[in-house]
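Okay, here's what each chain looks like letter by letter:
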Amino acid sequence: MEHHFQYDERLGVSLPRLEQEWRSYTSQEQGLIIELWQQQRAKIPERIYAMEQSIKEQQQLLQEEENFQRSCEINREIAKLASIIHDLQILFREDPELWANDEQ
């Protein structure tokens, strides 16, 4: 069943990558996929917390930074982390059925 998941480097968790419509999986397969997703999903709050801490550190650096160019770089890093947090929050609420490939 692990082949139904693919590690996302940016987000730091494995995401469902279903190869067929959700309905075409047996109830046992669906249960296993959901169980594996719940294991991945459980990692998300910890990942968000770590990124929030990193943002706080970056904000502290930004407050002390006098070089404009470096300030822009720090702001870009903060925005990147905030974007990842946002995506993780959305994923935390999603159902694995949403990843089903409807084209097959």
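Residues numbered from 1 in each chain as written. Predicted model: local features only at pLDDT ≥ 70, side-chain atom pairs only at ≥ 80, totals over all residues. Heavy atoms only, no water.

A. Broad picture of the overall build of the protein. Secondary structure assignment for the protein yields three helices and two strands. Walking the protein from its N terminus toward its C terminus, one meets helices and strands in the order β-β-α-α-α. For the protein, the residues scored as buried account for 32% of the 104 residues in total. For the protein, contacts bridging at least 24 residues in sequence account for 61% of all contacts bridging at least 6. Accessible surface for the protein amounts to roughly 7100 Å². Of this, 46% is attributable to carbon and sulfur atoms. (Helix = DSSP H or I, 4+ residues; strand = E, 2+ residues; numbered from the N terminus. Buried < 20%, exposed > 50% of the residue type's maximum accessible area, 1.4 Å probe, protein only. Contact = heavy atoms within 4.5 Å. Areas by Shrake-Rupley, 256 points an atom, 1.4 Å probe, with all protein chains shown as cover.)

B. Spatial organisation of the packing of aromatic side chains. Tallied over the entire structure, the rule returns one aromatic pair. Plain terms: the ring middles of W22 and Y25 are 6.2 Å apart, the flat faces sit at 55° to each other, and that makes the pair tilted. Each member of the pair, W22 as well as Y25, is classed as buried. In this arrangement the basic side chain of R41 is found over the ring face of F92, its NZ or CZ atom lying 4.0 Å from the centre. (Phe/Tyr/Trp six-rings, centres within 6.5 Å; stacked < 30°, edge-to-face > 60°. Lys NZ or Arg CZ within 6 Å of the ring centre and 35° of its normal.)

C. Just the pattern of salt bridges, in detail. Counting across every chain of the model gives three salt bridges. Between R23 and E21 there is a salt bridge; the shortest N-O distance is 2.3 Å. Put simply, R70 and E73 hold a salt bridge, and the shortest N to O gap is 3.4 Å. Residue R70 and its partner E73 are located together in helix 3 (residues 68-93), separated by three residues, close to a single helical turn. Assessed through its relative accessible area of 35%, E73 is described here as partly exposed. (Salt bridge = Lys/Arg side-chain N within 4 Å of Asp/Glu carboxyl O.)

D. Summary view of helix 1 (residues 27-41). A rise of 1.5 Å per residue sets the reference length of helix 1, with its 15 residues, at 21 Å; its end C-alpha atoms lie 20 Å apart and thus fit the reference within 8%. Considered for burial, the residues of helix 1 that qualify are Q30, I33, L36, W37 and Q40. An end-on view of helix 1 places all buried positions within 130° of arc, on one side of the element. Turned more than 90 degrees away from the buried face of helix 1 sit S27 and Q28, all of them exposed. (Expected span 1.5 Å × (residues − 1). Arc of directions from axis to C-beta.)

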